[in-house]
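# Coordinate analysis (summary)
If you want the building blocks of each chain, they are given just below.
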Amino acid sequence: MAQRLEDKVAIVTGCARERGIGRAIAMRLAREGAHIVAADYCRSISEYPDAKFGQAAELEDVVANVRKLGRRAIAVKVDVTDESEVSAMVEAAAKEFGRLDILCNNAGGGVGGGPVMQQTLDSWNRTVSINLTGTFLCSKHVAPKMIAAGNGGRIINTASIAGKRGGPGMAAYCAAKHGVIGLTRSLALELGQFGITVNAVCPGFVETQLFEGLINMVGATRNLNREEVLKTFVAQVPMGRMESGDDVADVVAFLASKDGGYMTGQALNICGGVETH
Ligand code: NAD
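A short tour of the structure in this document, coming up. Here the structure is a predicted model, which means the values were calculated and not measured. (Residues numbered from 1 in each chain as written. Predicted model: local features only at pLDDT ≥ 70, side-chain atom pairs only at ≥ 80, totals over all residues. Heavy atoms only, no water.)

## Comments concerning the overall build of the protein chain
Per the secondary structure count, the protein chain includes eight helices and seven strands. Against the 2.2 N^0.38 benchmark of 19 Å for 277 residues, the protein chain shows a C-alpha radius of gyration of 18 Å, consistent with a compact globule. Its C-alpha atoms put the protein chain at 55 × 40 × 40 Å along the principal axes. When the 277 residues of the protein chain are sorted by exposure, 52% land in the buried category. Pairs at least 24 residues apart make up 74% of the contacts formed inside the protein chain by residues separated by at least 6 positions. Separation between the mean location of the 29 positive side-chain charges and that of the 29 negative ones in the protein chain comes to 3 Å. (Helix = DSSP H or I, 4+ residues; strand = E, 2+ residues; numbered from the N terminus. Rg over C-alpha atoms; globule rule 2.2 N^0.38 Å. Buried < 20%, exposed > 50% of the residue type's maximum accessible area, 1.4 Å probe, protein only. Contact = heavy atoms within 4.5 Å. Lys, Arg positive; Asp, Glu negative; His and termini not counted. Charge placed at Lys NZ, Arg CZ, Asp CG, Glu CD.)

Next up, the structure:
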């Protein structure tokens, strides 16, 4: 395979989980020649025991797999909603590699949820923070390093088709992902002059551990088993199958490469044709 990203350095947040989109992105960028800063939350939230986050052992597994490809990698425990932790992650990455070329703001998900009239302010705030504030903070701290190096850069945000349409029981997540697209567009206008592109990818139905929460919610609401729920999702996809993390990673690899260098401020649907308007 052509090494489109030879010796570039990429931070990928939210990449610990085995079936996750972030892990597929980290491994794809590494196969393209990039060194990887693998970042994830590595803890749990006692108030939301059902919310599953990537843990340290999983992150170490990503690092080991990247190193097997002959690339360098470090694991960083970070809460992307905490500015001091984000700053420490960026400094650790810059110290280790001496450069930062690609930022994949992939950490996301949500806690709580449900109908707006029943949603707590705490679960709303946390969901918006994980998806939107985290993307803001990581971009805020990485962009100055890219600008100072003078080599341009790539910021690629994992939004969602939920950033282009509503979803019952998912208002906080949808609002946050719409916000990620607004942030993407604004940041692209600010950073174009430095040769830094900023784009969002909008996956559809990816069968990750995060998606299991949605499967459970739909199953409970409509009294369907897992296979029946999956069929209802596939029925909405013109391509006729669930999406994989690699489907997303393929487009991220393009956006991260020289080939994607004149595309910025875009929110690209990668969803097998699911309607978003
Ligand atoms: P995932 O659970 O594997 O990935 C989400 C990751 O974000 C986890 O590793 C989690 O630990 C991490 N994370 C959450 N809060 C964090 C925090 N505060 N600090 C650092 N890391 C944190 O699930 P996924 O489906 O692979 O999701 C990856 C991204 O794709 C998310 O942004 C999600 O919203 C988005 N997405 C997923 C789907 C889907 O169908 N699965 C569709 C569209 C968009």
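## Describing the nonpolar core
Burial of nonpolar side chains together is a common tendency in soluble globular proteins. Counting residues in hydrophobic clusters, the biggest one holds 33 residues, and the most contacted among them are Ile25, Leu29, Ile36, Ile102, Cys104, Ile156 and Val252. Residue assignment for this core shows that the elements contributing at least two residues are strand S1 (9-13), helix H1 (21-31), strand S2 (35-40), helix H2 (56-68), strand S4 (102-105) and helix H8 (245-256). Among residues more than four places away in sequence, those in contact with Val252 are Ile25, Leu29, Cys104, Ile156 and Val201. (Core = buried A, V, L, I, M, F, W, Y, C linked by side-chain atoms within 4.5 Å.)

## Notes on H8
In an α-helix, one turn spans 3.6 residues; hence positions three or four apart end up facing the same way. Taking 1.5 Å of rise per residue, the twelve residues of H8 would be expected to cover 16 Å, and the 16 Å separating its terminal C-alpha atoms lies within 8% of that figure. Turning to H8, its buried residues are Gly245, Val248, Ala249, Val252, Ala253, Leu255 and Ala256. All buried residues of H8 project into a common sector of 160° when viewed along the axis, lining one side. Where H8 is buried, its residues touch H1, S4, strand S5 (153-158), strand S6 (196-203) and strand S7 (267-270). (Expected span 1.5 Å × (residues − 1). Arc of directions from axis to C-beta.)

## Considering the layout of surface pockets
Take a probe with the size of a water molecule and roll it over the atoms, and the empty space left behind shows itself. Quantified by volume, the second largest pocket comes out at close to 170 Å³. Lining the second largest pocket are 13 residues, and of these Lys8, Asn151, Arg154, Ala256 and Lys258 lie nearest its centre. Class assignment for the residues of the lining of the second largest pocket results in three nonpolar, five polar and five charged. (1 Å grid on protein atoms, 1.4 Å probe; cavity = no way out; pocket = protein on both sides within 12 Å on 5 of 7 lines; lining within 4 Å. Points joined across faces, edges and corners; volume = space filled by probe spheres on them. Nonpolar A, V, L, I, M, F, W, Y, C, P; charged D, E, K, R; others polar.)

## Some details on H2
In this model, H2 (13 residues) spans 18 Å end to end at C-alpha, consistent with the 18 Å of a helix rising 1.5 Å per residue. Looking only at H2, the buried set comprises Leu59, Val62, Val63 and Val66. In an axial view of H2, the angular spread of the buried residues amounts to 95°, which keeps them on one side of the axis. Away from the buried face of H2 by more than 90 degrees, exposed residues Ala57 and Lys68 are located. In this structure, the buried residues of H2 make contact with H1, S2 and strand S3 (73-77). After H2 finishes, the residue Gly70 shows a positive phi value of roughly 85°.

## Section: the site of the ligand
Near the ligand lie 30 residues; those nearest to it are Ile21, Asp40, Gly54, Tyr173 and Thr208. A distance of 3.3 Å is found between an oxygen atom of the ligand and a backbone nitrogen or oxygen belonging to Gly108. A distance of 2.9 Å separates an oxygen atom of the ligand from a polar atom in the side chain of Lys177. The fraction of the free accessible surface of the ligand (810 Å²) that becomes covered by protein chains is 98%. Listing elements by their share of the shell around the ligand, those giving two or more residues are helix H4 (121-149), helix H5 (171-191) and helix H6 (209-222). When the residues that make up the shell around the ligand are grouped by side-chain class, the tally is 14 nonpolar, twelve polar and four charged. (Near = heavy atom within 4 Å. Polar contact = N/O pair within 3.5 Å; in protein donor to acceptor, adjacent residues only side chain to side chain. Areas by Shrake-Rupley, 256 points an atom, 1.4 Å probe, with all protein chains shown as cover.)

## Describing the packing of aromatic side chains
By the definition in use, this model includes four aromatic pairs. Through pairs of rings, three or more aromatic residues link up here, namely Phe205, Phe211 and Phe233. Lying over the aromatic face of Tyr41, Arg43 brings its terminal NZ or CZ to 4.6 Å of the ring centre. (Phe/Tyr/Trp six-rings, centres within 6.5 Å; stacked < 30°, edge-to-face > 60°. Lys NZ or Arg CZ within 6 Å of the ring centre and 35° of its normal.)

## Brief notes about the sheet that holds S2
Here seven strands make up an open sheet; going across it, the order is S3-S2-S1-S4-S5-S6-S7 and the pairing parallel. Two strands lie at the open edges of the sheet, namely S3 and S7, each paired on one side alone. Ignoring strand direction, the axes of neighbouring strands in this sheet form an average angle of 20°. Taken together, the three bridges between S1 and S4 define a ladder with parallel strand orientation. When the sheet's bridge partners are listed, Ile11 is paired in S4 with Leu103. Lying over the sheet, H1 contacts S1, S2, S4, S5 and S6, oriented at roughly 170° with respect to S1. (Pairing = 2+ DSSP bridges. Axes fitted to C-alpha atoms, helices over the stretch in contact; angles between N-to-C directions.)

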